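Structure at a glance
Listed here are the chains, written in short residue letters.
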Amino acid sequence: MTTTISFLALAVLLPVLFIIDHQHQYINCQHVHEIHNAIVLIRGGPKSGGLVRGELRFRENKNGRVNIRGQIEGLAKGQHGMHVHQWGDISLGCEKAGSHFDAHHAAHGARGSHAHTGDFGNIVAADNGVARVNINDSFVELHGDNSIVGRAILVHEHRDDLGQGGNNKSLITGNAGSPVGCGVVAWDD
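Computed from a predicted structure; not experimentally measured.

**Remarks on the nonpolar core**
Nonpolar side chains in soluble globular proteins generally cluster together in the buried interior. In terms of nonpolar packing, the biggest core is built from 26 residues, with F58, I72, L75, M82 and I153 touching the most fellow members. Looking at this core, the elements that each hand over two or more residues are strand 1 (36–44), strand 2 (53–60), strand 3 (66–73), strand 4 (78–85), strand 5 (119–125), strand 6 (131–137) and strand 7 (152–156). Core analysis: the second largest hydrophobic core is formed by five residues, A97, A152, L154 and C182 among them.

Structure representation (structure tokens):
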């Protein structure tokens, strides 16, 4: 009797679960073609004395390109490497975020070349310490397996040499130095 009831419950439940799963897959498929927005609030690490602050907004269009706009202040004048890192753990002065996010197993480099997914190159701080950011990118995504949502963005103390530094570290980090600010990318839809 118990076996019959269990069998009947399973026979009724399986088609329901299939329909729910099928609808979930359909919704996820449709979700890809919508416009998405994300945000990261950058806060200074120990290297900056906590002075670095900023906000970057990400907008993904229907063609999969992501526009990144915003500004970061409190930086030393000049170029600073900016990268998406593997994890969203920004503890210990941003040092726990892991290596650069690299969905395609590439060496570190410049945009437009075979580079890490998370390599944004350099942002430039003016005399007043403010870097205005306006990047149009087709390498990063806000959805799917290669999404940057939930990952950390780090701004580094030095210029990123874009993999041209002539040493092994250049091909991994661009010799950009320690992070001066970081934050975790979150949905802003």
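Resuming the write-up.
**Topic: unusual backbone geometry**
For residues besides glycine, phi is generally negative; the peptide bonds are generally trans as well. Of note, the phi angle at C94 is positive, near 75°, even though the residue is not glycine. You can see C94 is positioned in the loop between strand 4 and strand 5. Look at C94 and you get buried, because its relative accessible area is 3%.

**Some words on the environment of G150**
Along the chain, the position of G150 falls in the loop between strand 6 and strand 7. With a relative accessible area of 39%, G150 lands in the partly exposed category. Beyond its immediate stretch of four places on either side in the chain, G150 contacts W87, G88, V184 and V185.

**Description of the layout of surface pockets**
Roughly 270 Å³ of volume is contained in the largest pocket. Forming the walls of the largest pocket are 16 residues, and the residues nearest its centre are H85, G98, H156, T173 and G177. Broken down by class, the residue content of the lining of the largest pocket amounts to five nonpolar, nine polar and two charged.

**Structural notes on the pairing of strand 8 (residues 179–184)**
Within a regular beta strand, the side chains point alternately toward one face of the sheet and then the other, so they alternate between its two faces. By the criterion of burial, strand 8 is predominantly enclosed, with five of the six residues buried. Note: strand 1 against strand 8, two bridges, orientation antiparallel. If you follow G44 over to strand 8, its bridge partner there is G181. One ladder, built from five bridges, connects strand 7 with strand 8; its direction is antiparallel.

**Things to note about the pattern of salt bridges**
Counted under the stated rule, the structure contains three salt bridges. The salt bridge involving D127 is made with K77; its shortest N-O contact spans 2.8 Å. One end of the pair, D127, is in the loop between strand 5 and strand 6; the other, K77, is in the loop between strand 3 and strand 4, with 50 residues separating them in the sequence. Overall, the relative accessible area of 65% leaves D127 in the exposed class. A relative accessible area of 61% places K77 in the exposed class. Through salt bridges with shared partners, one network takes in E55, R57 and D188.

**Description of the environment of V149**
Here V149 shows up in the loop between strand 6 and strand 7. On the basis of relative accessible area, V149 is assigned to the partly exposed category, the value being 21%. Residues V149 and I39 lie 110 residues apart in sequence; the distance between their C-alpha atoms is 8.8 Å. For V149, the residues in contact, after removing those within four places along its chain, are A38, L142, V185, A186 and W187.

Analysis parameters
Residues numbered from 1 in each chain as written. Predicted model: local features only at pLDDT ≥ 70, side-chain atom pairs only at ≥ 80, totals over all residues. Heavy atoms only, no water. Core = buried A, V, L, I, M, F, W, Y, C linked by side-chain atoms within 4.5 Å. Buried < 20%, exposed > 50% of the residue type's maximum accessible area, 1.4 Å probe, protein only. Helix = DSSP H or I, 4+ residues; strand = E, 2+ residues; numbered from the N terminus. Contact = heavy atoms within 4.5 Å. 1 Å grid on protein atoms, 1.4 Å probe; cavity = no way out; pocket = protein on both sides within 12 Å on 5 of 7 lines; lining within 4 Å. Points joined across faces, edges and corners; volume = space filled by probe spheres on them. Nonpolar A, V, L, I, M, F, W, Y, C, P; charged D, E, K, R; others polar. Pairing = 2+ DSSP bridges. Salt bridge = Lys/Arg side-chain N within 4 Å of Asp/Glu carboxyl O.

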